[in-house]
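# Secondary and tertiary structure notes
Chain residues, written in single-letter form:
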Amino acid sequence: MARYAMVIDTKLCIGCADCVVACKTENKVPEGLNRDWVVEATQGTYPKLETEFRSERCNHCSNATCVTMCPTGASHHWNGTNIVLVDPNKCTGCKACISACPYDARLIMHPEGYIDKCTFCHHRVEKGMDPACVSACPTKCMHFGLLDDPNSEVSQLLRTRKHKVLAPETGNDPNVYYLI
Amino acid sequence: MLNQNRGPDGVSMNRRDFIKISGLFGLGAAAPAMLAGCAARPLPGQGEVVRTPTFCDMCFWKCAAYAHIENGQPWKIIGNDDDLHSKGRLCTRGTAGMGAYEDPDRLRRPLIRVTGADGLQTFREASWDEALDYIAERLKKVEQRHGADRLALLNHGYGAHHFQHLVRAFGSASIAEPAFAQCRGPRDVGFELTYGEVIGSPERTDMEHSRCIVLIGSHIGENLHNAQVQTLADAMRNDVTLITVDPRFSVPASKSKYWLPIKPGTDIALLLAWMHVLIDEGLYDRDYIERYATGFEQLKRHVARYSPEWVYLETGIEPETIRRTAREMAAAAPATLIHPGRHTTWYGDDTQRSRAIAILNALLGSWGRKGGLYNKESVSLPHYPVPEYPEARSDFRAAHAGRFPFANSGVTTAVIEASVGADAHYKAWIVYGTNLPMTIPGIRPTLQAAIDSLDLVVVVDTMPSEVTGYADVVLPECTYLERYDDLRNSGERVPSLALRMPVFEPRYDSKPGWWIAKQLGHRLGLEKYFPWDDYAEVIDWQLKQLGSSLEEMKRIGVKNFPRKRPLYFAPGQDVRFFTPSGKIELYSQQLADKGFDPIPEYTRPESPPAGYYHLNYGRMPAHTFGKTTNNHLLFQLAPENTLWVNPLVASERGLVNGEYVRLANPDGVVSNQIRVRVTERIRPDSVFMAHGFGHRSRKLRLTHDVGADDSELMTRLKIDPLMGGTGMRGNFVTIIKEAV
């Protein structure tokens with residue numbers, strides 16, 4: 001499986017949500033719905049504080065419970081990669097994937113009756129472009145690339161910087177990394 | 001609420017009522033179309049895509065971009081890679097630009113105020129010819145009876161250039177924008193007094209090369225001035241030492257090595273203490289000061305009493321922290337930037353605070369140096385040949401005669417005040433792109449009095465914002481995505497031009513600003529100032545003088561030119577500053593001559609009365625003031641503002657996260673309701689809210705009545721005596737729980 005990863009530098013993220021709007025316009029996401037979002041996590045007591053901003057989305061897990069749990073095969077790994085897509089033709093809107101996702105990344109019921117989610121902009125990735133959110137980010141805190149390539153920017157960042165993933169204990173093997 | 005002068009019969013006694021543009025249009029306007037499609041929905045970009053260059057108008061930063069249309073439908077807007085304002089990346093608002101074009105609440109047709117048989121004033125739709133004739137006829141009368149200089153233009157935004165041209169051609173030099181007296185005026189005047197040059201926009205900060213950056217109340221990252229955000233991020237990537245002074249744990253504070261949660265209003269004391277340490281410990285740039293500055297000995301004597309120990313008692317910042325941060329600044333100098341900020345109208349001594357920032361930069365030797373403040377340069381762009389403007393009989397200074405000697409630009413509040421009464425100086429206004437009642441705190445009563453007195457009020461806007469309700473005639477401009485404007489030519493690191501051109505045909509019956517100005521010009525006998533059929537001719541002519549053309553710019557959007565002057569001073573270079581002394585003026589004789597402090601003094605701010613809090617306000621990344629809150633893409637992101645309160649305050653007052661409260665000030669003004677956000681990120685003596693919410697215009701159907709408006713709570717304004725700035729931060733509020 002070719003593994004695409006997103007690496008997000010929380011030291012640079014300002015929580016501006018440009019990634020959210022860039023996704024929404026690029027992918028023509030219906031009114032009121034989003035495929036990505038920003039989390040602000042503050043720890044400590046005034047004035048000893050730490051605040052972390054994180055742009056979150058589907059983790060495109062290598063071991064994706066949503067794919068396993070989907071009764072119709074609508075949720076699938078795209079084209080031999082870890083990119084998880086939903087085939088609207090097969091999706092019945094049963095929401096099994098919503099319960100199976102440890103990241104609450106499948107919040108979206110598309111008005112046309114299927115579950116929608118982040119696609120890592122595979123239509124752009126195919127053309128060698130970054131996902132729309134990564135391209136728009138004004139602080140360039142988001143990076144995208146192939147984990148299999150040791151020389152890719154994402155591989156280099158993960159080699160040199162302290163990082164984490166969300167909910168590693170689920171065993172889903174997520175592919176969105178946060179530099180901390 | 002605004003029509004307080006209603007007589008017993010219910011008929012307004014105001015000559016001109018405020019009209020809530022609500023009854024005129026039904027609610028039948030289509031919501032943005034739901035995406036058509038089916039299970040076999042095509043992937044984005046597979047259709048026929050047309051890409052058109054523009055530069056953004058979602059804020060004032062003017063990022064060059066490409067708007068994309070797919071199969072004739074608005075798709076997306078992305079930054080132009082060749083542009084230094086955006087570096088190929090737009091901000092949250094710029095990315096949402098299509099929402100401005102799509103807004104179903106846009107002004108659609110010209111409107112004229114009419115009084116019905118029942119005495120009720122409303123707007124009726126009019127043709128462009130009728131509306132323009134109406135305006136021209138009244139402007140001619142103003143000219144005949146009072147003089148052309150009695151017309152004032154109150155404006156904001158790049159499209160205002162067309163109306164500035166019209167007003168100057170007409171014979172007026174009274175042009176004022178809130179960007180001066182309600183925003184960055186004190187900063188630019190403070191730096192001009194010190195260095196002989198303004199900071200300008202974009203700011204001439206060299207952050208990508210800074211090794212130490214000090215932000216004082218500037219929350220870059222919450223305001224999304226694009227290149228500011230990007231170069232601050234560059235600095236962070238370079239491991240800059242970031243020092244943030246803010247009563248709130250702002251976004252940059254959260255990225256800082258030092259956060260100084262200063263007691264509100266005591267910034268000048270801190271700045272003087274830093275100067276004290278730099279001079280006392282011999283850490284300032286002696287060679288730079290000797291070579292370029294004047295007044296050092298006076299400065300040294302002046303700051304001697306501002307010891308860190310004394311200043312600690314004012315600011316709450318520990319003496320050791322003051323010393324350590326001063327040493328950090330000196331260690332990184334001259335690549336140390338004391339950031340000049342942008343919105344600087346805080347406490348009425350703002351020009352002096354900006355002077356203190358300017359002086360501190362001088363002690364560190366950062367003006368004209370790499371990592372400090374660079375020399376900006378724009379393109380020498382020839383003006384399209386039109387006759388010289390007639391000499392105006394008076395200019396904006398007529399509005400504040402004898403006051404504000406250092407106002408180098410129109411003061412909006414003074415213009416509005418000079419429009420009240422039968423003998424008022426101003427008789428007519430054109431208001432372009434600025435929603436005055438929310439932009440200028442506490443202005444509504446004066447605004448009502450002014451429109452009762454004025455012979456004509458014209459509002460040009462894209463949206464039915466509250467100010468349109470004060471107009472005699474409302475002219476619907478099309479958005480930036482539907483028009484040509486002047487080429488962008490801002491001073492920058494690299495001189496560059498950018499093109500704004502129509503991406504779409506104007507929707508409804510809206511028109512480009514250049515067309516409106518030209519049509520009015522023709523009706524006023526000013527044809528010779530508008531010798532073009534289409535503004536594209538002007539742009540093409542200008543570009544051809546530089547060896548480019550409109551055709552080329554339609555392909556590339558941005559054209560960068562080589563610099564003619566170096567970006568920084570050369571080592572030991574002889575520099576003559578544009579000040580009276582030719583030096584950096586640490587001590588300002590200009591100020592002394594006018595009876596002001598020649599070196600900034602600290603004045604202790606008022607403390608909030610018991611049970612009250614400092615009202616702090618600022619920006620949020622999703623919105624530009626109140627200008628974008630009705631944009632459907634941004635509304636979905638941030639529909640309302642919140643009231644930040646410290647958990648101690650929440651517990652004392654029994655406030656729950658997410659509940660609605662109202663704010664009241666000591667003068668009895670009660671705000672619209674606002675949700676509580678309990679957070680450790682704020683001092684317990686302060687509350688914070690983003691500006692731009694609580695719109696009163698019902699025609700802004702998404703944002704009307706949502707969130708609270710900070711500016712209406714600002715009834716105690718501290719006016720900067722140097723330049724007329726409206727100091728907004730000396731206001732206090734208490735919190736009223738909503739009855740459950």
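Not measured: the values here are computed from a predicted model.

### Topic: the sheet that holds strand S8 (residues 142-146) of chain A
Residues and elements named next belong to chain A. With mixed pairing, four strands are arranged side by side in an open sheet as S8-S1-S10-S9. Across the chains shown, the open sheet's two edge strands, defined by having one partner strand only, are S8 and strand S9 (163-164). Sheet topology places S9 next to strand S10 (residues 176-179); two bridges connect them, and they run antiparallel. What sits directly across from histidine 163, in S10, is leucine 179. Docked against the sheet, helix H6 (residues 153-160) engages strand S1 (4-9), S8, S9 and S10, running at close to 110° with respect to S8.

### Structural notes on the side chain of serine 496 of chain B
All names here are of chain B. By the secondary structure assignment, serine 496 is in strand S16 (residues 496-498). Side-chain polar atoms of serine 496 contact the side chain of arginine 488, separated by 3.2 Å. Once you skip the residues sitting within four places of it in the chain, serine 496 turns out to touch Val379, Arg488, Asn489, Ser490, Lys559, Asn560 and Phe561.

### Quick word on the packing of helix H11 (residues 308-315) of chain B against helix H12 (residues 319-332) of chain B
Residue and element names in this part refer to chain B. Axis separation between H11 and H12 bottoms out at 8 Å; the angle between their running directions is 115°. It follows from the interaxial angle that H11 and H12 lie roughly perpendicular. For H11 against H12, the interelement crossing comes out right-handed. Contacts from Pro308, Glu309, Val311 and Tyr312 of H11 reach H12 at Pro319, Ile322 and Arg323. Of the residues in the contact of H11 with H12, the class split is five nonpolar, no polar and two charged.

### Some points on helix H3 (residues 128-145) of chain B
Given a rise of 1.5 Å per residue, 18 residues ought to cover 26 Å, and the 26 Å separating the end C-alpha atoms of H3 of chain B matches this to within 8%. When H3 of chain B is considered as a whole, its buried residues turn out to be Trp128, Ala131, Leu132, Tyr134, Ile135, Ala136, Leu139 and Val142 of chain B.

### A look at empty space enclosed by the protein
Residue and element names in this part refer to chain B. Counted under the stated rule, the structure contains twelve cavities of 30 Å³ or more. For the largest cavity, the lining is made up of 20 residues, of which His219, Asn223, His225, Arg342 and His343 are closest to its centre. Class assignment of the residues belonging to the lining of the largest cavity gives a composition of six nonpolar, ten polar and four charged. Looking at which domains feed residues into the lining of the largest cavity, each of domain 1 (201-375) and domain 2 (613-737) gives three or more. The computed volume of the second largest cavity comes to approximately 170 Å³. Surrounding the second largest cavity, 17 residues form its lining, Gly217, Asp246, Pro247, Asn616 and Arg729 being those nearest its centre. Classifying every residue of the lining of the second largest cavity by side-chain character gives nine nonpolar, four polar and four charged.

### Section: the pairing of S10 of chain A
All names here are of chain A. With burial as the criterion, each face of S10 is covered, one bearing Val176 and Tyr178 and the other bearing Tyr177 and Leu179. Relative to S10, S1 runs parallel, the two sharing four bridges. Looking at S10, one finds that valine 7 is bridged to tyrosine 177.

### Comments concerning the sheet that holds strand S10 (residues 258-260) of chain B
Strand pairing in a sheet is mediated by backbone hydrogen bonds. Such pairs are either parallel or antiparallel. Residues and elements named next belong to chain B. With parallel pairing, four strands are arranged side by side in an open sheet as S10-S9-S8-S12. Only two strands of the sheet have a single partner each, and these edge strands are S10 and strand S12 (336-338). Pairwise comparison of adjacent strand axes, ignoring direction, gives a mean angle of 10° for this sheet. Judged from the three bridges that link them, strand S8 (residues 212-216) and S12 form a sheet pairing that is parallel. Counterpart to isoleucine 213 in the pairing with S12 is leucine 337. Lying on the sheet, helix H8 (residues 267-280) is in contact with S8, strand S9 (241-245) and S10; it crosses S8 at an angle near 155°.

### Some thoughts on unusual backbone geometry
All names here are of chain B. A cis amide bond links serine 201 with the next residue in sequence, proline 202, at an omega value of 0°. Structurally, proline 202 can be placed in the loop between helix H5 (178-195) and S8. Residues alanine 333 and proline 334 are joined by a peptide bond in cis, for which omega reads 5°. Structurally, the position occupied by proline 334 is in the loop between H12 and S12. Of note, the phi angle at lysine 62 is positive, near 65°, even though the residue is not glycine. Looking at where lysine 62 falls in the secondary structure, it is placed in the loop between strand S1 (49-55) and strand S2 (64-70).

### Considerations on the domain arrangement of chain B
Residues and elements named next belong to chain B. According to the domain assignment, chain B contains domain 1 (201-375) and domain 2 (613-737). For domain 1 and domain 2, the distance between their C-alpha centroids amounts to 27 Å. At the junction of the two partners, domain 1 supplies 23 residues and domain 2 supplies 26 residues. For the pair domain 1 and domain 2, the summed buried surface comes to about 1,900 Å²; carbon and sulfur atoms form 55% of the total. At the surface where domain 1 touches domain 2, the tally comes to zero salt bridges. At the boundary of domain 1 with domain 2, the tally comes to eleven residue pairs in polar contact (both at pLDDT 80 or more). No other element matches helix H13 (residues 350-363), which puts three residues into the side of domain 1 that touches domain 2. Broken down by class, the residue content of the side of domain 1 that touches domain 2 amounts to nine nonpolar, nine polar and five charged.

### Thoughts on the pattern of salt bridges
Residues and elements named next belong to chain B. Following the criterion strictly, the structure yields 64 salt bridges over all chains and no others. Notably, a salt bridge pairs arginine 483 with aspartate 57, separated by 3.9 Å at the nearest N-O pair. One end of the pair, arginine 483, is in the loop between strand S15 (473-476) and S16; the other, aspartate 57, is in the loop between S1 and S2, and 426 residues separate them in sequence. Look at aspartate 57 and you get buried, because its relative accessible area is 14%. Between aspartate 540 and lysine 544 there is a salt bridge, with the nearest N and O atoms lying 2.6 Å from each other.

The rules we used
Residues numbered from 1 in each chain as written. Chains lettered and ligands numbered in written order. Predicted model: local features only at pLDDT ≥ 70, side-chain atom pairs only at ≥ 80, totals over all residues. Heavy atoms only, no water. Pairing = 2+ DSSP bridges. Helix = DSSP H or I, 4+ residues; strand = E, 2+ residues; numbered from the N terminus. Contact = heavy atoms within 4.5 Å. Axes fitted to C-alpha atoms, helices over the stretch in contact; angles between N-to-C directions. Polar contact = N/O pair within 3.5 Å; in protein donor to acceptor, adjacent residues only side chain to side chain. Parallel < 35°, antiparallel > 145°, perpendicular 65-115°, else oblique. Left-handed = near helix turned anticlockwise from the far one by under 90°. Nonpolar A, V, L, I, M, F, W, Y, C, P; charged D, E, K, R; others polar. Expected span 1.5 Å × (residues − 1). Buried < 20%, exposed > 50% of the residue type's maximum accessible area, 1.4 Å probe, protein only. 1 Å grid on protein atoms, 1.4 Å probe; cavity = no way out; pocket = protein on both sides within 12 Å on 5 of 7 lines; lining within 4 Å. Points joined across faces, edges and corners; volume = space filled by probe spheres on them. Domains from an automatic or database assignment. Buried area = accessible area lost by both parts, 1.4 Å probe. Salt bridge = Lys/Arg side-chain N within 4 Å of Asp/Glu carboxyl O.

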